[in-house]
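The lines below spell out each chain.
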Amino acid sequence: MRFLLTVVLFSMVQISWASQSLEELETGCLDKNGDACFQLGSRYLKGKGVTASSKKAIEYYRKGCELNDGSSCWALGGLYEMGEGVNQSFLEARRYYEK
């Protein structure tokens, strides 16, 4: 079930940021907009308009989660649960899911 929820979160595109350029998203994330960080993480995870990079995705999801963006926390939890780009850790996954 968690995997399904994670997939849904990865495929979510929030209208407000979906059409924004990479530069606008980076500025938004720097300006402490957690959703912009989530969108950047998703683009890097999927390689949409950028070279795919789990490392960059994790970096942006972590920043979004620190800004209390629930989607970022769930996405990060999913990466830990699946061991994608990080050492698999169900404890870390749970920590992010519960955040």
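Small disclaimer: the values here were computed from a predicted structure and weren't measured.

Here we take up the nonpolar core. Counting 23 residues, the largest nonpolar core has C29, L40, Y44, Y61, L76 and Y80 as its most contacted members. Listing elements by their share of this core, those giving two or more residues are α3 (22-30), α4 (34-46), α5 (54-66), α6 (70-82) and α7 (90-97). Counting residues per element, this core draws most heavily on α4, which supplies 6 residues.

A word on the state of the cysteines. Applying the stated criterion across every chain yields a total of 2 disulfides. The side chain of C29 participates in a disulfide bridge whose partner is C37; the two sulfur atoms lie 2.0 Å from each other. Its S-S torsion of about 100° marks the bond between C29 and C37 as right-handed, since a negative value means left-handed. C37 sits in the buried class, given a relative accessible area of 0%. What pairs with C65 in a disulfide is C73, and their sulfur atoms sit 2.1 Å apart. On the sign convention where negative means left-handed, the S-S torsion of about 100° between C65 and C73 marks this disulfide as right-handed. C73 gets classed as buried once you look at its relative accessible area, which sits at 3%.

Below, the discussion takes up the confidence of the model for the protein chain. The predicted model of the protein chain has a mean per-residue pLDDT of 87, with 82% of residues at 70 or higher. Confidence scores differ between elements of the protein chain, with helix α1 (residues 2-11) showing the lowest mean pLDDT of 50 and α5 the highest of 97.

Pairing is possible between side chains of opposite charge, provided their charged atoms come close. Taken as a whole and judged by the stated rule, the model has 2 salt bridges. Two residues, R95 and E92, come together in a salt bridge whose shortest N-O distance is 3.1 Å. Here R95 pairs with E92, and both are found in helix α7, just 3 residues apart, close to one helical turn. On the basis of relative accessible area, E92 is assigned to the partly exposed category, the value being 24%.

What counts, and at which threshold
Residues numbered from 1 in each chain as written. Predicted model: local features only at pLDDT ≥ 70, side-chain atom pairs only at ≥ 80, totals over all residues. Heavy atoms only, no water. Core = buried A, V, L, I, M, F, W, Y, C linked by side-chain atoms within 4.5 Å. Buried < 20%, exposed > 50% of the residue type's maximum accessible area, 1.4 Å probe, protein only. Helix = DSSP H or I, 4+ residues; strand = E, 2+ residues; numbered from the N terminus. Disulfide = S-S within 2.5 Å. pLDDT = per-residue confidence, 0-100. Salt bridge = Lys/Arg side-chain N within 4 Å of Asp/Glu carboxyl O.

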